[in-house]
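Close look at the chain arrangement
Next come the chains, spelled out residue by residue.
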Amino acid sequence: MAIIVSHCCRRNLAPLLHSTSTWYSPKSRRYHSSSSSQAGPSFSSNSNSATAKSKSLTDDELKPLSRPLGVREKPAVRHQTKLERLKEVLTNDEAIAEQRKHLVKEAVTKGYFHDLNATRRHGGKTWIAPKVLIREEKSLYFPDIVGKSLADGSEQHTTSMCTGKISVLCLLNTKISEIHVASFTTPTLARFSEHPLFNHIQINLQSNTLKSMLVSLFLSSLRRAIPPEQHPYYLVSSQNLEYQRDAIGLTNDRVGYVYLTDENLRIRWAGCADATAEEAHALEVCTDMLLARLEKRKKEMKEKEG
């Protein structure tokens, strides 16, 4: 008898154990149902959240430099005047399309505090410097930048200063960018600063008119801070690089950028923000390789002439 009662109770309780409850949600205006015997959805949601979290971590990782930096046209000392640039923008269809594309990108992707906010992510670092040289046939040119020499205030061009030499060019405009640049260049300068075919050029780039005026007012203090032997190779520039920024990877004004160029002004290596030990070593090794190749070519040329 007890067995029969127990069996009947199980049969009566079975629908309740496996029943689905239904409720109405005013927020979504829909009916929802859940089964007390199924725990699958909770595990599924946990799995989805874990997948999303791992995906966000993967997206947040820094990646190596994926493209050659630089402009396609070989730089020249002479620049377009404002009138020539305006005429080109008004008459040249390609220039008009370039201007429109640039304005749309600036309006959509870059706000006033864009660069400052970007420093919160990896300290403003946007790529990992390559371990080896960029191949010569794939490399592009470093654009000509004009600035006033810290030595005598004369106007100098990077094109004339770097042609025929292996150059490390540093772009900076804040105190933190100076620290970034030094983290890259210290081992290289300690080894090659006395080499006759080596150049180290620092460019204090101030595109903002107000900041450019302030830097000009405090040139005397800047001269005291920079060692005298570096004054001829330190340029203060207010040149507008808006149309070359993407080409040379200059995406954040708050961090420092370092470029290694060969004797033909091609960018063969580049780094940004704070350097790792591997990146600083890579710059030293790549500089050594370019200097050795240039010395070999010059030696062969002398032998042919002799």
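Residues numbered from 1 in each chain as written. Predicted model: local features only at pLDDT ≥ 70, side-chain atom pairs only at ≥ 80, totals over all residues. Heavy atoms only, no water.

- The name recorded for the protein chain in an unreviewed UniProt entry is ATP10 protein-domain-containing protein, from Lentinula lateritia.

1. Looking at empty space enclosed by the protein
- Inspection of the entire model under this criterion finds one cavity of 30 Å³ or more.
- For the largest cavity, the calculated volume is near 30 Å³.
- Surrounding the largest cavity, F142, T158, T159, C162, L169, T261 and L265 form its lining.
- Element by element, the count of residues in the lining of the largest cavity is highest for helix α6 (residues 158-162), at three residues.
- Along the lines of polarity and charge, the residues of the lining of the largest cavity split into four nonpolar, three polar and no charged. (1 Å grid on protein atoms, 1.4 Å probe; cavity = no way out; pocket = protein on both sides within 12 Å on 5 of 7 lines; lining within 4 Å. Points joined across faces, edges and corners; volume = space filled by probe spheres on them. Helix = DSSP H or I, 4+ residues; strand = E, 2+ residues; numbered from the N terminus. Nonpolar A, V, L, I, M, F, W, Y, C, P; charged D, E, K, R; others polar.)

2. Observations regarding unusual backbone geometry
- Phi is positive for L265, which is not a glycine, with a value near 70°.
- Relative to the assigned elements, L265 resides in the loop between β8 (257-261) and β9 (267-272).
- Among the residues examined, L265 registers a relative accessible area of 6% and is labelled buried. (Buried < 20%, exposed > 50% of the residue type's maximum accessible area, 1.4 Å probe, protein only.)

3. Let's talk about the nonpolar core
- In this structure, V168, Y234, V258, L260, W269 and L283 are the most contacted members of the largest nonpolar core, which totals 28 residues.
- Among the elements of the structure, β5 (166-172), α7 (175-192), β7 (234-237), β8 and α11 (277-305) are those that each provide at least two residues to this core.
- Among the nonpolar cores identified, the runner-up in size contains 26 residues, and I201, L205, I248 and A270 belong to it. (Core = buried A, V, L, I, M, F, W, Y, C linked by side-chain atoms within 4.5 Å.)

4. Some points on the pairing of β8
- Across the five residues of β8, five count as buried, placing the element largely inside the fold.
- Along β8, one buried face is formed by Y257, Y259 and T261 and the opposite face, lined by V258 and L260, is buried too.
- Relative to β9, β8 runs antiparallel, the two sharing five bridges. Bridge pairing links Y257 to C272 in β9.
- Between β8 and the antiparallel strand that follows it, β9, lie five residues; L265 among them carries a positive phi value of about 70°. (Pairing = 2+ DSSP bridges.)

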